[in-house]
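# Overview (structure and organization)
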Amino acid sequence: MSKRSNESDAEYKARKRAKKEKKKSKKEKKEKKEKPHVVEAETSADANSENNHDKNSSNANSGPSSCSWNSFSDAPFDDKIQQSLQDAGFTEPSPIQARAWPVVIAGKDLIAVAKTGSGKTLGFLLPVLHRIHINNLPDSGTTTQEISSSSRCSSSSSSSSSSSSSMPSPTCLVLSPTRELAIQIHGECVKFGTSINIRSEC
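Residues numbered from 1 in each chain as written. Predicted model: local features only at pLDDT ≥ 70, side-chain atom pairs only at ≥ 80, totals over all residues. Heavy atoms only, no water.

### Considering the overall build of the protein
What the protein contains, in helices and strands, is 8 helices and 2 strands. Along the protein, from the amino end to the carboxyl end, the secondary structure elements read α-β-α-α-α-β-α-α-α-α. Relative to its full complement of 202 residues, the protein shows a buried share of 26%. The long-range share in the protein, meaning contacts at least 24 apart out of those at least 6 apart in sequence, stands at 60%. Working note: accessible area of the protein is about 14000 Å², and carbon and sulfur atoms make up 51% of it. (Helix = DSSP H or I, 4+ residues; strand = E, 2+ residues; numbered from the N terminus. Buried < 20%, exposed > 50% of the residue type's maximum accessible area, 1.4 Å probe, protein only. Contact = heavy atoms within 4.5 Å. Areas by Shrake-Rupley, 256 points an atom, 1.4 Å probe, with all protein chains shown as cover.)

### As for the packing of aromatic side chains
Considering all chains together, one arrives at 2 aromatic pairs under this definition. Arranged with centres 6.1 Å apart and planes meeting at 40°, the rings of Phe-72 and Trp-101 form a pair that is tilted. Taken together, the positions of Phe-72 in the loop between helix H2 (47–56) and helix H3 (79–87) and Trp-101 in helix H4 (residues 95–105) put the pair 29 residues apart, joining distant regions of the chain. Among the residues examined, Phe-72 registers a relative accessible area of 8% and is labelled buried. Relative accessible area serves as the criterion here: at 0%, Trp-101 is assigned to the buried category. (Phe/Tyr/Trp six-rings, centres within 6.5 Å; stacked < 30°, edge-to-face > 60°.)

### Structural notes on the side chain of Gln-97
Take Gln-97: it is sitting in helix H4. Note on Gln-97: relative accessible area 5%, which makes it buried. A polar contact is formed between the side chain of Gln-97 and the backbone nitrogen of Ser-94, at a distance of 2.9 Å. If we ignore the near neighbours within four places in the chain, the residues touching Gln-97 are Pro-102, Gly-119, Leu-122 and Gly-123. (Polar contact = N/O pair within 3.5 Å; in protein donor to acceptor, adjacent residues only side chain to side chain.)

### Here we look at the pattern of salt bridges
Opposite charge on two side chains lets them pair, provided their charged atoms get close. Taken as a whole and assessed by the stated rule, the structure comprises 4 salt bridges. The partner of Lys-191 in a salt bridge is Glu-188, and the shortest N-O contact between them spans 3.5 Å. With Lys-191 and Glu-188 both in helix H8 (residues 179–193) and 3 residues apart, the pair spans about one turn of that helix. When its relative accessible area of 42% is taken as the criterion, Lys-191 is described as partly exposed. For Glu-188, a relative accessible area of 15% puts it in the buried group. Linking Arg-199 and Glu-201 is a salt bridge whose minimum nitrogen-to-oxygen distance equals 3.5 Å. By the burial criterion, Arg-199 is exposed, and Glu-201 matches it. (Salt bridge = Lys/Arg side-chain N within 4 Å of Asp/Glu carboxyl O.)

### Remarks on the packing of helix H5 (residues 120–133) against H8
Close contact between H5 and H8 brings their axes to 11 Å; oriented N to C, the two are set at 45°. In terms of orientation, H5 and H8 fall into the oblique class. Viewed along their axes, H5 and H8 form a crossing whose handedness is right-handed. Judged by residue contacts, Thr-121, Leu-122, Phe-124, Leu-125, Leu-126 and Leu-129 of H5 engage Gln-184, Ile-185, Glu-188, Cys-189, Phe-192 and Gly-193 from H8. Here the residues of the contact of H5 with H8 are counted per class, giving 8 nonpolar, 3 polar and 1 charged. (Axes fitted to C-alpha atoms, helices over the stretch in contact; angles between N-to-C directions. Parallel < 35°, antiparallel > 145°, perpendicular 65-115°, else oblique. Left-handed = near helix turned anticlockwise from the far one by under 90°. Nonpolar A, V, L, I, M, F, W, Y, C, P; charged D, E, K, R; others polar.)

### What to know about the nonpolar core
Phe-77, Leu-85, Trp-101, Leu-126 and Leu-129 are the most contacted members of the largest nonpolar core, which has 18 residues in total. Sorting the residues of this core by element identifies H3, H4, H5 and H8 as the ones contributing at least two each. The dominant element in this core, judged by the number of residues it contributes, is H5, at 5 residues. The contacts of Leu-129, once residues within four sequence positions are left out, are Phe-192, Gly-193, Ile-196 and Ile-198. (Core = buried A, V, L, I, M, F, W, Y, C linked by side-chain atoms within 4.5 Å.)

### Structural notes on the confidence of the model for the protein
As a note on interpretation, predicted positions should not be read in detail where pLDDT is low. Looking at the protein as a whole, the pLDDT averages 74, with 68% of positions reaching at least 70. Averaged over each element, pLDDT in the protein is lowest for H2 (40) and highest for H8 (92). Taken together, the stretch residues 44–65 has pLDDT below 50 and engages in 26 contacts with residues farther than four places along the chain or on a different chain. (pLDDT = per-residue confidence, 0-100.)

In structure tokens, the structure reads:
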């Protein structure tokens, strides 16, 4: 940073100090941003090759992602979801589900890498359904119940708010890169959400 021609020494020093402080605060903000957990699931076929990779990967074994729920009874899902899992023929969580569920239920960001057919859809979907069912949604601390009760209170003062408060709105939005995947995700939502009165649209 060079001194401007019409700038005094005191102004130059103040500008230089302000620029350093701005850089420092940007750096602190960047450091405070939480990085998502990265989970790579292993299948029985490639368990040996993954063991070597896991030893070298600090993200895959650090924090909540190192926790694993190896049976459905370990997961805090509602009994109706547990029953739906049994009815669907599942006996235990897949490796990606066992490692992803604790992270997602804790409300942490997650990047999960696994092969096709490894259970990634239920890896993110069941924790979402669970959090919707128990009303533990990631917003500014306002629950759906508080929103609906505050809407009811304000509806007595104006008739236009009563019609808008009765309008249903989405609680979760799942984006999919293809129509086929969207249809598959919707099918899983219907299969596991219906038992706990969660409706899905595609």
